[in-house]
Amino acid sequence: QVQLVESGGGLVQAGGSLKLSCAASSLSRFNITTMGWYRQAPGKERELVASITGSGTTTYTDAVKGRFTISRDNAKKTVFLQMVNLKPHDSAVYYCNTRPIMLSWGKGTLVTVSS
């Protein structure tokens, strides 16, 4: 029943790196589906931080440009978010989902960046 499963979060010091994974094994048309990574901090709106089309075209919000890299492995139906030079402001629960029509949200994975 679960369609999107995020993993890879944890506690990291500022300046550190972390790689998140999103497994979407149940999506039959994953290869032509745009995927996005979102994050939500306590008391904040959920925001889109990166997206990638089926053909590999990527977009990023200004706050993460140059630090985050979104990628995908269509054979494994998995999308990744490589995060480097993490900052305390990046602390949030990170989610993945399809775009523009979204599935039910998964549980997300918590990223905490200490100063």
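Here the structure is a predicted model, which is why all the values come from computation and not from measurement.

A closer look at the state of the cysteines
So, step 1. According to the stated counting rule, one finds one disulfide in the structure shown.
So, step 2. What pairs with cysteine 22 in a disulfide is cysteine 96, and their sulfur atoms sit 1.8 Å apart. Disulfide cysteine 22 to cysteine 96: torsion about the S-S bond roughly 60 degrees, handedness right-handed. Taken together, the residues span a long stretch of sequence, with cysteine 22 in strand 3 (residues 18–23) and cysteine 96 in strand 9 (residues 92–99) at a distance of 74 residues. By the burial criterion, cysteine 22 is buried, and cysteine 96 matches it.

Quick notes on the environment of isoleucine 52
So, step 1. On the secondary structure map, isoleucine 52 appears in strand 5 (residues 47–52).
So, step 2. The spacing of isoleucine 52 and alanine 23 is 29 residues in sequence and 15 Å in space, taken between C-alpha atoms.
So, step 3. Non-local contacts of isoleucine 52, meaning those with residues more than four positions away in its chain, are made with Thr33, Thr34, Met35, Thr57, Thr58, Ile70, Ser71, Arg72 and Val79.

Examining the sheet that holds strand 5
So, step 1. One open sheet holds the six strands; their spatial order is 2-10-9-4-5-6, and the pairing between them is mixed. Of all the strands in the sheet, just strand 2 (10–13) and strand 6 (58–60) have a single pairing partner and so form its edges. Adjacent strand axes in the sheet meet at a mean angle of 25 degrees when their direction is disregarded.
So, step 2. For strand 4 (residues 34–40) and strand 9, the ladder comprises seven bridges, and the chain directions are antiparallel. From the neighbouring strand, threonine 34 faces strand 9, where its bridge partner is arginine 99.

Details of the nonpolar core
So, step 1. Judged by nonpolar contacts, the single largest core of 25 residues is most densely connected at Leu20, Met35, Trp37, Val79, Leu81, Met83 and Tyr94.
So, step 2. Among the secondary structure elements, those contributing two or more residues to this core are strand 3, strand 4, strand 5, strand 7 (68–73), strand 8 (78–83), strand 9 and strand 10 (109–114).
So, step 3. If we ignore the near neighbours within four places in the chain, the residues touching valine 79 are Leu20, Ser21, Cys22, Phe30, Met35, Trp37, Ile52, Ile70, Ser71, Arg72 and Cys96.

Quick word on the side chain of serine 51
So, step 1. Considering the arrangement of structural elements, one finds serine 51 in strand 5.
So, step 2. Classification of serine 51 as buried rests on a relative accessible area of 9%.
So, step 3. Within the structure, the side chain of serine 51 is placed 2.4 Å from the side chain of threonine 59, a separation counted as a polar contact.
So, step 4. When neighbours within four sequence positions are excluded, serine 51 is seen to be in contact with Thr34, Met35, Gly36, Thr57, Thr58, Thr59, Ile70 and Arg99.

Calculation criteria
- Residues numbered from 1 in each chain as written.
- Predicted model: local features only at pLDDT ≥ 70, side-chain atom pairs only at ≥ 80, totals over all residues.
- Heavy atoms only, no water.
- Disulfide = S-S within 2.5 Å.
- Helix = DSSP H or I, 4+ residues; strand = E, 2+ residues; numbered from the N terminus.
- Buried < 20%, exposed > 50% of the residue type's maximum accessible area, 1.4 Å probe, protein only.
- Contact = heavy atoms within 4.5 Å.
- Pairing = 2+ DSSP bridges.
- Axes fitted to C-alpha atoms, helices over the stretch in contact; angles between N-to-C directions.
- Core = buried A, V, L, I, M, F, W, Y, C linked by side-chain atoms within 4.5 Å.
- Polar contact = N/O pair within 3.5 Å; in protein donor to acceptor, adjacent residues only side chain to side chain.

Keep in mind these numbers describe shape, not what the thing actually does.
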